Amino acid sequence: MVSISEAQLAAWLSPIFWPFLRVMGMFGVAPIFSLRSIPVRVKVALAFLVALSAQATLVGQPVVSINGPQALGAVVQNVGVGMALGFAVRLVFVAVELAGELVGLQMGLNFASFFDPTSGGQVSAVSRFMGHMSVLLFVVINGHLMLLMAVVRSFRAFPVDGSFLQSMASLQLHRLGSELFASAFWIALPMVGLLLFTNLALGVISRVAPQMNIYSIGFPITLSVGMAGIAATLPLMDQPVLALMERVVALFGS
């Protein structure tokens, strides 16, 4: 008769169970992976496949018993680190959408807003367009693969030991947030500067030719200039997005 002790069972399940929880936490928040159109069974199966495939690289991890005193802390730690990774990647998309909000404000298109079911609020047309472009760019630059690599490498910086507070303190997500929002202003800076110059030119025209109705021609001009600026700067958006993604991956993979 083959007997399996509790220590043997914990040694078998621990290397797979804790990475599985971390990947599931990331899938619940990260862009694309957290889409409601993806069935929960598919997410669970994919998380288990990632945790199983990462066993070759997760060597030397501490064995935490599932029913031991450190189990609750390990659950909170792994789910929290996974959700923090997904939240950090989502901040990259928020930075691009914030740049779209600034550009739409200068173009005068912020009144063209609609309800976004994913965020639960009003989103302008330019911001939504920039968000869609960032999602497409995320797939093109293999951001989903970078995200999976980051969640596997995160076990080097944040091993499974149940120290949730220490892990959250070493993440320092507030610094990452400040960098991301600063990057949003840098992304929007060329188009905002172009539109400010256009408004300045329209102001000069209104002073030189007062008989011209500046309100009737101002909106079409700013709209046309804004659309041309978006078309000119879209091919250059891959560099800042890729730099932000590398910053997030380095934060969790160091």
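Figured I'd write up the structure that's included with this text. Computed from a predicted model, the values in this text were never measured in an experiment.

### Looking at helix α5 (residues 143-157)
Here α5 is 15 residues long and its end C-alpha atoms lie 20 Å apart, about the 21 Å a rise of 1.5 Å per residue gives. Of all the bends in α5, the greatest, near 25°, is centred on Val-151. Restricting attention to buried positions, one finds in α5 the residues Gly-143, Met-146, Leu-147, Leu-148, Ala-150, Val-151, Ser-154 and Phe-155.

### Thoughts on the nonpolar core
Buried together is how nonpolar side chains tend to be arranged in soluble globular proteins. Ranked by size, the top nonpolar core spans 60 residues in total, and within it Met-26, Leu-85, Val-103, Val-248 and Phe-252 carry the most contacts. With 15 residues, the top contributor of residues to this core is helix α3 (residues 71-107). Excluding residues that lie within four positions of it along the chain, Val-248 makes contacts with Leu-85, Ala-88, Val-89, Val-92 and Leu-176.

### Section: the side chain of Lys-43
Turning to its location among the elements, Lys-43 is positioned in helix α2 (residues 40-53). When its relative accessible area of 15% is taken as the criterion, Lys-43 is described as buried. With near-sequence residues (within four places) excluded, Lys-43 lies in contact with Met-24, Phe-27, Phe-33, Ser-34, Leu-35 and Ile-38.

### Regarding the side chain of Ser-154
Here Ser-154 lies in helix α5. What makes Ser-154 buried here is its relative accessible area of 1%. Separated by 2.6 Å, the side chain of Ser-154 and the backbone oxygen of Val-151 make a polar contact.

### Here's the deal with the environment of Leu-21
Along the polypeptide, Leu-21 turns up in helix α1 (residues 6-27). The buried category is assigned to Leu-21, whose relative accessible area is 15%. C-alpha separation for the pair Leu-21 and Gln-77, spaced 56 residues apart in sequence, amounts to 9.4 Å. Contacts of Leu-21, omitting those with residues within four sequence positions, involve Val-75, Asn-78 and Val-79.

Cut-offs used in this document
- Residues numbered from 1 in each chain as written.
- Predicted model: local features only at pLDDT ≥ 70, side-chain atom pairs only at ≥ 80, totals over all residues.
- Heavy atoms only, no water.
- Helix = DSSP H or I, 4+ residues; strand = E, 2+ residues; numbered from the N terminus.
- Expected span 1.5 Å × (residues − 1).
- Bend = angle between axes of the 7 residues up to and from the residue.
- Buried < 20%, exposed > 50% of the residue type's maximum accessible area, 1.4 Å probe, protein only.
- Core = buried A, V, L, I, M, F, W, Y, C linked by side-chain atoms within 4.5 Å.
- Contact = heavy atoms within 4.5 Å.
- Polar contact = N/O pair within 3.5 Å; in protein donor to acceptor, adjacent residues only side chain to side chain.

Take it as geometry only, folks, not as evidence of what the structure does.
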